[in-house]
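An overview of the molecular structure
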Amino acid sequence: MVYADWDLQRPPIPSRSRLYCLEPIGIGTPWTESLTSYVSRLAEVHSVRVRELMMHELLPFLGRSHLANTRNANLLTAFWRNETRALNGTRTLARNLVQALETLTGRRDLRFLTLVSWTEVLPIQQLQKHTRAWCPTCFEEWRQSGRLAYDPLVWTLAPVTFCPQHRQRLLVVCPFPDCQRSSPWLSSRSRPGCCARCGRWLGNSGTHGPSDGETLTQNERVQAHVWTFHALGELIASAPSLPEPPHREHLVRGMQRSLRNVAGSRRSWAHQLRLAEGTVLEWRKGLTIPSLWCLLLVSSRLGISPLQLVCVQVGDVGRSAE
């Protein structure tokens, strides 16, 4: 009997990651997961608290190794309270955590769980909420349908105070009467969908009083809230498909081109926006960039999305300056 030759060469073994290569939720959609939420879920799949994951794996990458020293408990507490919102933002802390998690998990897409793609066109001031916000009905629906609970990146943005799906305000304090405290975006005891203070489930489960998750009516400018949510969701969703992160010059040229199409003088346009004429002039010259709130205001008055305003294509920059 003749046997086929056996290939005895050892097959290549893929590199192993130190931490589980957990897949983020919703990348490329308006409901993209936030990086702090990802850290919370990563700790859960490893059956450890966020505190242990941060102290033993992540703090050295953030340049905060000293916080792992038990004698620095107050400094670590201050880190949870004051700095964790920046982990979802545009600056160094977010970039360092992305690098740490991508190194440890082997993933290459975690920057999209932050706002780092928009570093040059979004100022840090008034960008993100200081404390966690959530829609309890979203949490409950996800649990009932067998989906994972998580904190979308769009919920971290300061102008987003409303859930368009359930026509209600986002909650910012735990609804349980014996807790009623706010939470940082990441803490030592964070768990997906649960209060970081008391540990209880934050979805609708009969614990919410009549004033919690207040439902908005049309008279309370629901459409404006819906537009804000979807406009910022579009920014988040588009990040993976951008050929390159937008630069400040793209925003400046987009602002110049858009305002040039507005009837009236610069003074009348500034008056319509209820802004100082000098502020609008500084934007057009690129000396300053609008806050996220102002970016939304300008976009809505121009009838375009913030994405259209900040993402003038590189090839369009020269033409828009003509």
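The sections below set out a description of the structure shown in this document. Only a predicted model underlies this, so the values are computations on that prediction, with no experimental measurement involved. (Residues numbered from 1 in each chain as written. Predicted model: local features only at pLDDT ≥ 70, side-chain atom pairs only at ≥ 80, totals over all residues. Heavy atoms only, no water.)

Structural notes on unusual backbone geometry
- Look at Q126: it is not a glycine, yet its phi comes out positive at around 55°.
- Here Q126 lies in the loop between α4 (92–105) and α5 (136–144).
- The class of Q126 is exposed, set by a relative accessible area of 51%.
- Within the chain, Q180 stands out as a residue other than glycine whose phi angle is a positive 50°.
- Examined against the element boundaries, Q180 turns out to sit in the loop between β2 (168–169) and α6 (222–238). (Helix = DSSP H or I, 4+ residues; strand = E, 2+ residues; numbered from the N terminus. Buried < 20%, exposed > 50% of the residue type's maximum accessible area, 1.4 Å probe, protein only.)

Some words on empty space enclosed by the protein
- A complete count under the given rule lists 3 cavities of 30 Å³ or more for this structure.
- Computed from the structure, the largest cavity encloses a volume of approximately 100 Å³.
- Every residue lining the largest cavity is counted, 15 residues in all, and those nearest its centre are S40, R132, D151, R191 and P192.
- Considered as a void within the structure, the second largest cavity measures approximately 50 Å³ in volume.
- For the lining of the second largest cavity, the leading source of residues is α6, giving 3 residues. (1 Å grid on protein atoms, 1.4 Å probe; cavity = no way out; pocket = protein on both sides within 12 Å on 5 of 7 lines; lining within 4 Å. Points joined across faces, edges and corners; volume = space filled by probe spheres on them.)

Considerations on the side chain of S190
- Among the secondary structure elements, S190 is positioned in the loop between β2 and α6.
- Judged by relative accessible area, S190 falls into the buried class, the value being 12%.
- Polar side-chain contacts of S190 include one of 2.7 Å to the backbone nitrogen of S187.
- Dropping the residues within four chain positions of it, S190 is found in contact with S40, V50, W185 and A196. (Polar contact = N/O pair within 3.5 Å; in protein donor to acceptor, adjacent residues only side chain to side chain. Contact = heavy atoms within 4.5 Å.)

Quick word on the nonpolar core
- Within the largest apolar cluster, 58 residues are counted, with the highest numbers of intra-cluster contacts made by W118 and W155.
- Per-element tally for this core: the top contributor is helix α10 (residues 292–302), with 6 residues.
- In this structure, L19, L35, L67 and V98 belong to the second largest nonpolar core, which totals 28 residues. (Core = buried A, V, L, I, M, F, W, Y, C linked by side-chain atoms within 4.5 Å.)

Notes on α5
- Among the residues of α5, P136, T137, C138, F139, E140 and W142 are the ones counted as buried.
- Considering only its buried residues, α5 is in contact with β1 (162–163) and β2.
- Downstream of α5 by a residue or two, G146 has a phi angle that is positive, lying close to 80°.

Things to note about the packing of helix α7 (residues 248–260) against helix α9 (residues 277–285)
- Running from N to C, α7 and α9 point in directions that differ by 125°, and their axes come no closer than 7 Å. Taken together, the axis directions place α7 and α9 in an arrangement best described as oblique. For the pair formed by α7 and α9, the contact residues are V252, M255, Q256 and L259 on the first element and V280, W283, R284 and K285 on the second.
- Residue classes in the contact of α7 with α9 are distributed as 5 nonpolar, 1 polar and 2 charged. (Axes fitted to C-alpha atoms, helices over the stretch in contact; angles between N-to-C directions. Parallel < 35°, antiparallel > 145°, perpendicular 65-115°, else oblique. Nonpolar A, V, L, I, M, F, W, Y, C, P; charged D, E, K, R; others polar.)

Take it as geometry only, folks, not as evidence of what the structure does.
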